[in-house]
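Letter by letter, the chains look like this.
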Amino acid sequence: GQQVMQIPQYQHVQEGEDFTTYCNSSTTLSNIQWYKQRPGGHPVFLIQLVKSGEVKKQKRLTFQFGEAKKNSSLHITATQTTDVGTYFCADNQAGTALIFGKGTTLSVSS
Amino acid sequence: DGGITQSPKYLFRKEGQNVTLSCEQNLNHDAMYWYRQDPGQGLRLIYYSQIVNDFQKGDIAEGYSVSREKKESFPLTVTSAQKNPTAFYLCASSRADTQYFGPGTRLTVL
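Rules used in this analysis
- Residues numbered from 1 in each chain as written.
- Chains lettered and ligands numbered in written order.
- Predicted model: local features only at pLDDT ≥ 70, side-chain atom pairs only at ≥ 80, totals over all residues.
- Heavy atoms only, no water.
- Disulfide = S-S within 2.5 Å.
- Helix = DSSP H or I, 4+ residues; strand = E, 2+ residues; numbered from the N terminus.
- Pairing = 2+ DSSP bridges.
- Axes fitted to C-alpha atoms, helices over the stretch in contact; angles between N-to-C directions.
- Contact = heavy atoms within 4.5 Å.
- Buried area = accessible area lost by both parts, 1.4 Å probe.
- Salt bridge = Lys/Arg side-chain N within 4 Å of Asp/Glu carboxyl O.
- Core = buried A, V, L, I, M, F, W, Y, C linked by side-chain atoms within 4.5 Å.
- Buried < 20%, exposed > 50% of the residue type's maximum accessible area, 1.4 Å probe, protein only.
- Patch = residues over 30% accessible without salt bridge, like charges linked within 9 Å, V, L, I, M, F, W, Y side chains within 5 Å.
- Areas by Shrake-Rupley, 256 points an atom, 1.4 Å probe, with all protein chains shown as cover.

Visitor: Help me get a handle on the state of the cysteines, residues and values and all.
Guide: Residue and element names in this part refer to chain A. The tally for this structure, following the rule as stated, stands at 2 disulfides over all chains. Across the disulfide, Cys23 is cross-linked to Cys89 (sulfur-sulfur distance 2.0 Å). Sign of the S-S torsion, about 75 degrees for the bond between Cys23 and Cys89, identifies this disulfide as right-handed. Pair noted here: Cys23 is in strand β3 (residues 19-25) and Cys89 is in strand β9 (residues 85-91), with a separation of 66 residues, a long-range link.

Visitor: Hey, could you go over the sheet that holds strand β1 (residues 4-7) of chain B for me, with residue numbers and the actual values?
Guide: Residue and element names in this part refer to chain B. Spatially, 4 strands are ordered β1-β3-β8-β7 in an open sheet, and the strand pairing comes out antiparallel. What marks the edges here is a single partner per strand, and that holds for β1 and β7 (64-66). With direction set aside, neighbouring strand axes in the sheet form an average angle of 20 degrees. Two elements, β7 and strand β8 (residues 76-78), share 3 bridges in a ladder whose sense is antiparallel. Within β8, the residue paired with Val66 across the bridge is Leu76.

Visitor: Give me the lowdown on the interface of chain B and chain A, citing residues and values where you can.
Guide: Of the residues lining the interface, 18 residues belong to chain B; the matching set on chain A comes to 19 residues. Between chain B and chain A, the buried area comes to about 1,400 Å², and carbon and sulfur atoms account for 54% of it. The three residues of chain B that bury the most area against chain A are Leu43(B), Asp97(B) and Phe101(B), which together make up 33% of that side's buried surface. Where chain B packs against chain A, one counts 0 salt bridges.

Visitor: I'd like a rundown of the nonpolar core, residues and numbers included.
Guide: Within the largest apolar cluster, 20 residues are counted, with the highest numbers of intra-cluster contacts made by Leu21(B), Trp34(B), Ile46(B), Leu76(B), Val78(B) and Tyr89(B). Counting only elements with at least two residues in this core, the list comes to β3 (19-25), β4 (31-38), β5 (42-51), β7, β8 and β9 (87-95) of chain B. Setting aside chain neighbours within four positions, we find Leu21(B) in contact with Ser7(B), Leu11(B), Trp34(B), Pro75(B), Leu76(B), Val78(B), Tyr89(B) and Thr105(B). By size, the runner-up hydrophobic cluster in this structure holds 19 residues, among which are Leu49(A), Phe65(A), Tyr87(A) and Val108(A).

Visitor: Give me a nonpolar patch on the surface: which residues, what numbers.
Guide: Taken together, the side chains of Tyr10(B), Phe12(B) and Leu110(B) present a nonpolar region at the surface, about 380 Å² in accessible area. Positionally, Phe12(B) belongs in strand β2 (residues 10-13).

Visitor: Account for the sheet that holds β3(A), with residues named and values stated.
Guide: All names here are of chain A. The antiparallel open sheet is built from 5 strands, whose spatial order is β1-β3-β8-β7-β6. Both outer strands of the open sheet, β1 (4-7) and β6 (55-58), are each paired with one neighbouring strand and no more. Averaged over neighbouring strand pairs, the angle between their axes works out to 15 degrees when direction is ignored. As paired elements, β1 and β3 share 4 bridges and run antiparallel to each other. Its bridge partner being in β3, Ile7 is matched across the sheet by Tyr22.

Written as structure tokens, this is what we have:
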């Protein structure tokens, strides 16, 4: 079946450094969603990308959807301690439930 | 105050006992989902329901059962057949494409 893979699994950065997590699929993604889960919390929806090559920004976060719709990325500029958590991508295939990647856990030291 | 509630937050059970986890939403969402989260495994889908009185198995349905008698409620029963039930269980509901998660129940089987 379809798999959504995320790399890296863990990433530690110094506060102020940039961070990127990548989401890759063996098949064409329909729509890609990104969620953030703070430690001890539950996943919270961040954004959805629909179009090939789409780029969306939320303050210091930049989300991209690959031209072939087989990959996506989340880039955080100048990380802060509030960015700590696990970031999940998920493929939103119409008519079924989301298929989640295993997530990238980000830790930030000040 | 709208949202998804899961109770209890922490649950302890003895091995061999069935246990039912509660999930209630007042968002008027048609679709509801149950996920299991283990360290390093991301979110794995157990069951989902797109409409009342109908539900489908997810990737790891063995040892679990659900019911969807009301739109607002989607309880999950962890049966004694589930070989490794200790985990963090997340319930979600969705309208259109976005999933909204409850706070989760951490189940420990002793």
